[in-house]
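Overview (structure and organization)
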Protein chains: 2
Amino acid sequence: MSLPRSLAEAVAADAASPLQPFRARFALPEGVIYLDGNSLGALPEQTVARTADVVTREWGERLIRSWNEADWIGAPQRIGAKIADIVGAAPGSVIVADSTSVNLFKLIVAGMRAQPGRTEILTEPGNFPTDLHIAEGVASLLPGVTVRTVEAGEIAGAIGPQTAIVLLTHVHYKHGARHDMAALSAAARAAGALSLWDLSHSVGAVPVALDADGADMAVGCGYKYLNGGPGAPAFLYVREALQRRLDSPITGWMGHADPFAFGDGYAPAAGVSRFLAGTPSVIAMLALESGVDLFLDAPREALFARGAALFNLFVARMAMLLPELVCVTPRAAGARGSHVSFRHADAFPIMQALIERGVIGDYRAPDILRFGLTPLYVGLADVWRAVDVLAEVVGSGVWREPRFSVRGVVT
Amino acid sequence: MSLPRSLAEAVAADAASPLQPFRARFALPEGVIYLDGNSLGALPEQTVARTADVVTREWGERLIRSWNEADWIGAPQRIGAKIADIVGAAPGSVIVADSTSVNLFKLIVAGMRAQPGRTEILTEPGNFPTDLHIAEGVASLLPGVTVRTVEAGEIAGAIGPQTAIVLLTHVHYKHGARHDMAALSAAARAAGALSLWDLSHSVGAVPVALDADGADMAVGCGYKYLNGGPGAPAFLYVREALQRRLDSPITGWMGHADPFAFGDGYAPAAGVSRFLAGTPSVIAMLALESGVDLFLDAPREALFARGAALFNLFVARMAMLLPELVCVTPRAAGARGSHVSFRHADAFPIMQALIERGVIGDYRAPDILRFGLTPLYVGLADVWRAVDVLAEVVGSGVWREPRFSVRGVVT
């Protein structure tokens, strides 16, 4: 796909894209170019009506009866099967549950306990903090377990007979580099270890093929590229052949083989459902389902191709207008996710000034400007304009105004 | 409070109640008497508008900015402080997080690890299943830990030097008996053990005084008497003096002392916030807040007094019209919660036939008809009519029709 050479060409290319109709299905505010869908996905229009119906009719009118009538009870498996389609997994191998952090905990503990002779969780430094924190927490909980971090390029060689779990984030949250899932899953398996992939920055952003790539376990986030709403429930995956060997440490009633028998003793549900714990938020689950349904409507190949075009245009225009900002994201489509990051010592105030001008990206400590490229609702013309505004902000020095350095909580 | 002797007197007493204005603040369907608010609370009218605003404006228009602007990030502590008021706890000792099951797991593990010389989780048989299941899961996770169950009346005497945690549900989910929180917390403390209370069937239903009663830890449910919506987030409490001694095993980024520093190493937040794990569902949290806000508007003493009147009228009319159904709930207001349960061998089909006639209670295996009495939106006239309908159903034998015995999932 050749890149547009002018804003007019970008507008024309957007109009001709098979993704173009999807933009109108999101409730984006006027005057904003939203390049932070990798942190919080935009609101699908259909989620407004769906959530209102869940609240007023399913909850308000039908009340407790909706657990059966509206199949609230089946939501974790039903939505899980839809996400399975997106991550290349068998339908019964994914459930929606809890948060990414809690799911990481369940799977790490389960993986450690399934391999009593192995003691090591192998991961990389600079992984998304919660992944490292959760691993560290498991290590302090289970006797003899340690966390070892080695740089990304050295992971395959570092897997050894002591390694129980290779814990990696598929696409790095900050610089956006993508691990080779097939190669690293194979390396883990060859050494007798289990692979555990965090898909938070890849699900819905790039092709994922868990089954085909030989991944053992995975978790992922519902509120980024799946547009499930702020803090949407997360999901988890366990390869079919492994499901009988792994048991959740959080043995809540929703993971019981017969939750409504109300017996004292615990017996895990068959399959991945045993990783359910407590009663999930129905409103949150069904908002996520609405976002997932929208995603499933989109032509998948065209989506990822357009994501690549957005990336290439962003990088090309940055090289032209702001060559002093170093791009830290790999260029090759297969080696990265769907966000692009640049380094600047004053990334924080620059991003604040940019947001004030209606271009919303985000900042990641200590020096990263990050832009999410979400082809369901971001077009080439948006990218064109966003780089113009960024060049104007950086060039004008407006970000040096003290008010842009005031830090609140930044998510 | 003397009981009404006719439906007309019940209607008049309702009209005179200070709780009467609250009924109109719930979106209850026509033709339904809802006596299942102990399983899923009814929909507050204000939650319809609040949820729509969270979805369309806070998420849709303000997008990622709402984490700061709308203080999404502070919701666990802010809503926790409101619930603290309801359960008699210092404001900084409650947070909203995860599900009851996950919170039980975090606190049981934390309590066990804080007392390395003690090995026993003491609880009662027939406790709500998830409480027993989670305890059993912790016992299978941590070396040497055991779960011991002793009948309710024998708990105080069974606490010994081996007991780490006394795990009790304040009000029993089935028969509704209430434990003496002050006496049992004191007995646990005297023996050097920690008490952990599940408030799911007491928060919002009866007075709870965690700090005054000397409870050490507690969890509770947002979707019953707090009317937070199906599967609403749960809460947890840690007594102020204990907060430094307890650490969560699920060390997610939201429980970090500085979540947005994005460092590799974990350091727990001060206070109870360290028990946060992953990113919470904002839509679910703010729907819960809406329900809690409504609850806080109600005159507390009048609420609990009216709950007692509903109970007394229900039991009195049952004794008159259906003396063959045995009430398994203690009669004294201080010895029970705000639901009432009756035993009948055919409880399941009877409840199905009752629901068909617009009186919604629920069934708990194997033989319990359970009715939640929620004075915010249930009145004396509702109770009067409900017992009439139940008497008609039982007396007519209509429940013997085979269709009432078809079981779906029952929550």
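This is a predicted model, so every value here is computed, not measured.

Side note on the overall build of chain A
Helix and strand counts for chain A stand at 14 helices and 13 strands. Taken over the C-alpha trace, chain A has a radius of gyration of 22 Å; the compact-globule value for 411 residues is 22 Å, and the two agree within 12%. Counting only C-alpha atoms and orienting by the principal axes, one finds that chain A spans roughly 65 × 55 × 40 Å. Within the span of chain A, comprising 411 residues, buried residues form 64% of the whole. Looking at chain A alone, contacts between residues at least 24 apart form 73% of all its contacts between residues at least 6 apart. In the form shown here, chain A has an accessible surface area of approximately 13100 Å², with 56% of it arising from carbon and sulfur atoms. Across chain A, the 34 positively charged side chains and the 40 negatively charged ones have centroids separated by 1 Å.

Points about the relation of the copies chain B and chain A
Least-squares fitting of chain B to chain A yields an RMSD of 0.0 Å, with the transformation described by 0.0 Å of translation along the axis and a rotation of 180°. Such a combination of turn and shift is consistent with a two-fold rotation axis. Relative to the rotation axis, the closest C-alpha in chain B is found at Ala284 of chain B, a distance of 2.9 Å. Here 100% of the contact residues of chain B are again contact residues in chain A; the copies associate through an equivalent surface.

Overview of the pattern of salt bridges
Opposite charge on two side chains lets them pair, provided their charged atoms get close. All names here are of chain A. For the structure shown, the criterion picks out 54 salt bridges over all chains. Between Arg274 and Asp247 there is a salt bridge, with its nearest N and O atoms 3.0 Å apart. Of this pair, Arg274 sits in the loop between β8 (235-238) and α11 (282-297) while Asp247 sits in the loop between β8 and α11, placing them 27 residues apart in sequence. On the accessibility criterion, Arg274 (9% relative accessible area) is buried. Here Asp247 falls in the partly exposed class, since its relative accessible area comes to 35%. Connected through salt bridges with shared partners, the residues Asp71, Arg78, Lys82, Glu289 and Asp293 form a single ionic network.

Describing the interface of chain B and chain A
Facing the 86 residues of chain B at the interface are 86 residues of chain A. Contact between chain B and chain A buries roughly 6900 Å² in total, counting both sides, with carbon and sulfur atoms accounting for 70%. For the pair chain B and chain A, the number of links is zero salt bridges. The interface formed by chain B and chain A contains 20 residue pairs in polar contact (both at pLDDT 80 or more). Elements with a minimum of two residues in the side of chain B that touches chain A: α3 (45-61), α4 (66-69), α6 (100-113), α7 (129-141) and α11 (282-297) of chain B. In terms of residue count, α7 of chain B provides more of the side of chain B that touches chain A than any other element does, nine residues in total. Residue composition of the side of chain B that touches chain A, by class: 49 nonpolar, 29 polar and eight charged.

Side note on the side chain of Asp216 of chain A
All names here are of chain A. In this structure, Asp216 sits in the loop between α10 (210-213) and β7 (217-220). A polar side-chain atom of Asp216 sits 2.7 Å from a polar atom in the side chain of Arg189. A distance of 2.9 Å separates a polar atom in the side chain of Asp216 from the backbone nitrogen of Ser195. Aside from chain neighbours lying at most four places away, what touches Asp216 is Arg189, Ala193, Leu194, Ser195, Tyr237, Val238, Arg239 and Leu242.

Comments concerning the sheet that holds strand β2 (residues 94-96) of chain B
Residues and elements named next belong to chain B. Pairing is mixed in the open sheet, where seven strands are placed in the order β2-β8-β7-β6-β5-β3-β4. On the outer flanks of this sheet lie β2 and β4 (146-149), each paired with one strand and no other. In this sheet, adjacent strand axes meet at a mean angle of 20° when their direction is disregarded. The sheet contact formed by strand β3 (residues 120-123) and β4 spans four bridges and is parallel. Across the sheet, Leu122 pairs through a bridge with Arg148, a residue of β4.

So, the domain arrangement of chain A
Residue and element names in this part refer to chain A. Its domain assignment divides chain A into domain 1 (7-43 + 299-405) and domain 2 (71-297). The partner domain 2 presents 25 residues to the 33 residues of domain 1 that form the contact. With both chains or domains summed, domain 1 and domain 2 bury close to 2200 Å², and 56% of this area falls on carbon and sulfur atoms. A salt bridge links Asp297 to Arg25; the shortest N-O distance between them is 2.9 Å. Here domain 1 and domain 2 share 17 residue pairs in polar contact (both at pLDDT 80 or more) between them. Tallied by class, residues from the side of domain 1 that touches domain 2 come to 17 nonpolar, eleven polar and five charged.

With respect to the packing of aromatic side chains
Per the counting criterion, the structure on display carries 29 aromatic pairs over all chains. Geometrically, the ring pair formed by Tyr34 of chain B and Tyr377 of chain B is stacked, given 6.5 Å between the ring centres and 25° between the ring planes. Of the two residues, Tyr34 of chain B sits in strand β1 (residues 33-34) while Tyr377 of chain B sits in the loop between β13 (368-372) and α14 (380-396), which places them 343 residues apart along the sequence. Residue classification places Tyr34 of chain B among the buried positions, given a relative accessible area of 3%. Each ring, one from Trp253 of chain B and one from Phe260 of chain B, has its centre 5.6 Å from the other, and the planes form 70°; the classification is edge-to-face. Connected via pairs of aromatic rings, a cluster forms that spans Phe128 and Tyr173 of chain A together with Trp253, Phe260 and Phe262 of chain B.

Parameters and conventions
- Residues numbered from 1 in each chain as written.
- Chains lettered and ligands numbered in written order.
- Predicted model: local features only at pLDDT ≥ 70, side-chain atom pairs only at ≥ 80, totals over all residues.
- Heavy atoms only, no water.
- Helix = DSSP H or I, 4+ residues; strand = E, 2+ residues; numbered from the N terminus.
- Rg over C-alpha atoms; globule rule 2.2 N^0.38 Å.
- Buried < 20%, exposed > 50% of the residue type's maximum accessible area, 1.4 Å probe, protein only.
- Contact = heavy atoms within 4.5 Å.
- Areas by Shrake-Rupley, 256 points an atom, 1.4 Å probe, with all protein chains shown as cover.
- Lys, Arg positive; Asp, Glu negative; His and termini not counted.
- Charge placed at Lys NZ, Arg CZ, Asp CG, Glu CD.
- Least-squares fit on C-alpha atoms with pLDDT ≥ 70 in both.
- Salt bridge = Lys/Arg side-chain N within 4 Å of Asp/Glu carboxyl O.
- Buried area = accessible area lost by both parts, 1.4 Å probe.
- Polar contact = N/O pair within 3.5 Å; in protein donor to acceptor, adjacent residues only side chain to side chain.
- Nonpolar A, V, L, I, M, F, W, Y, C, P; charged D, E, K, R; others polar.
- Pairing = 2+ DSSP bridges.
- Axes fitted to C-alpha atoms, helices over the stretch in contact; angles between N-to-C directions.
- Domains from an automatic or database assignment.
- Phe/Tyr/Trp six-rings, centres within 6.5 Å; stacked < 30°, edge-to-face > 60°.

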